[in-house]
Amino acid sequence: MSDRVRSIRSATPTVAGKQTAEDALQTLLDGFQRFRTEVFPEQRELFSKLARQQSPRAMFITCADSRIVPELITQSDPGSLFVTRNVGNVVPPYGQMNGGVSTAIEYAVMGLGVQHIIICGHSDCGAMKAVLAPDTIERMPTVKAWLRHAEVAKTVVADNCGCADHTTLGVLTEENVVAQLDHLRTHPSVAARLASGQLFIHGWVYDIENCTIQAYDAERGEFLPLDGETAPNASPRARYLAS
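The chain has the name Carbonic anhydrase in an unreviewed UniProt entry, where Phytopseudomonas seleniipraecipitans is given as its organism. In its Catalytic activity (unreviewed entry) section, the UniProt entry covering the chain states "hydrogencarbonate + H(+) = CO2 + H2O".

(A) Local environment of the packing of helix α5 (residues 100–111) against helix α10 (residues 188–195). Running from N to C, α5 and α10 cross one another at 40 degrees; their axes reach a closest spacing of 9 Å. The interaxial crossing formed by α5 with α10 has left-handed handedness. Only Ser189, Val190 and Arg193 of α10 make contact with α5, whose side of the interface consists of Ile105, Glu106, Val109 and Met110. Tallied by class, the residues present in the contact of α5 with α10 amount to 4 nonpolar, 1 polar and 2 charged.

(B) Geometry of the pattern of salt bridges. This model, assessed by the stated rule, comprises 6 salt bridges. Here Arg67 makes a salt bridge to Asp124, at a shortest N to O gap of 2.8 Å. Placement of Arg67 in the loop between β1 (58–63) and α4 (70–74) and of Asp124 in the loop between β3 (116–122) and α6 (126–132) is noted, with a sequence separation of 57 residues between them. It is possible to trace a salt-bridge network through shared partners that takes in Asp65, Arg67, Asp124 and Lys129.

(C) Quick peek at the packing of aromatic side chains. Scanning all chains against the criterion turns up 6 aromatic pairs. Ring plane angle 50 degrees and centroid distance 5.2 Å describe the contact between Tyr216 and Phe223, whose orientation is recorded as tilted. We classify Tyr216 as buried; its relative accessible area is 16%.

(D) Region of the structure containing the environment of Leu194. Within the secondary structure layout, Leu194 lies in helix α10. Note: C-alpha distance between Leu194 and Ala234 (40 residues apart in sequence) is 11 Å. Among residues more than four places away in sequence, those in contact with Leu194 are Arg185, Leu199, Phe200, Ile201, Ser235, Pro236 and Ala238.

(E) Region of the structure containing the sheet that holds strand β5 (residues 212–217). The 6 strands lie next to each other as β2-β1-β3-β4-β5-β6, forming an open sheet whose pairing is mixed. Across the chains shown, the open sheet's two edge strands, defined by having one partner strand only, are β2 (81–86) and β6 (222–225). On average, each strand axis in the sheet is inclined to that of its neighbour by 25 degrees, with strand direction left out of account. Sheet topology note: the β1/β2 ladder contains 6 bridges and is parallel. Each residue of the ladder has a partner; that of Cys63, found in β2, is Asn86. Relative to β2, α5 is tilted by about 170 degrees, and along the sheet it contacts β1, β2 and β3.

The rules behind these values
- Residues numbered from 1 in each chain as written.
- Predicted model: local features only at pLDDT ≥ 70, side-chain atom pairs only at ≥ 80, totals over all residues.
- Heavy atoms only, no water.
- UniProt positions renumbered as here; feature names shortened; annotations may be inferred.
- Axes fitted to C-alpha atoms, helices over the stretch in contact; angles between N-to-C directions.
- Helix = DSSP H or I, 4+ residues; strand = E, 2+ residues; numbered from the N terminus.
- Left-handed = near helix turned anticlockwise from the far one by under 90°.
- Contact = heavy atoms within 4.5 Å.
- Nonpolar A, V, L, I, M, F, W, Y, C, P; charged D, E, K, R; others polar.
- Salt bridge = Lys/Arg side-chain N within 4 Å of Asp/Glu carboxyl O.
- Phe/Tyr/Trp six-rings, centres within 6.5 Å; stacked < 30°, edge-to-face > 60°.
- Buried < 20%, exposed > 50% of the residue type's maximum accessible area, 1.4 Å probe, protein only.
- Pairing = 2+ DSSP bridges.

Set out below in structure tokens:
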């Protein structure tokens, strides 16, 4: 056992029903060993190609929630998705916070030439619960500041929804995806390629328990089932033909 693992174990008390810090780390190490000895050899050719370049088909912006695994949900191989994750699947409007999300979007569009950007919210989202109950994050100032980017969705729901309390979280989750799609369109690289029809944007809400996705249809202004046959489109109509 390494000194680092020993120090983690000694500093962390055992919690009933939960892994110790040592056990949690060991689970990760065991997982890597299984990947290295069982999975990697079967895909050695793929990883050899990925070692020199990437050409993802889509960018996937989703929540940092541990239950959401984009590659698993979409059954995508390594190298197929350019993934960005943050609390609440937020996209700050261009110019307000040119940080990691904005940088990733610009690079995905201009550097990698992705054809699709998907913003994916999900059921039972802790970030959306916090938006509804801001007192729960009073001691988390950076989380509170970050989630101001979802305030527009909260206002839309409060002023227009008229829904019962038990449905408010679901409606807010959908409205937050719509709000972040609006923010996404303020990014110059995105706006330019949307206008020329070289880029398409999508808004999804994934239901963890039922394995369903509702996708936003901009023309109809509503979320529709993503059933594998129809693909609701959140993109505005292209105004210029790409040369």
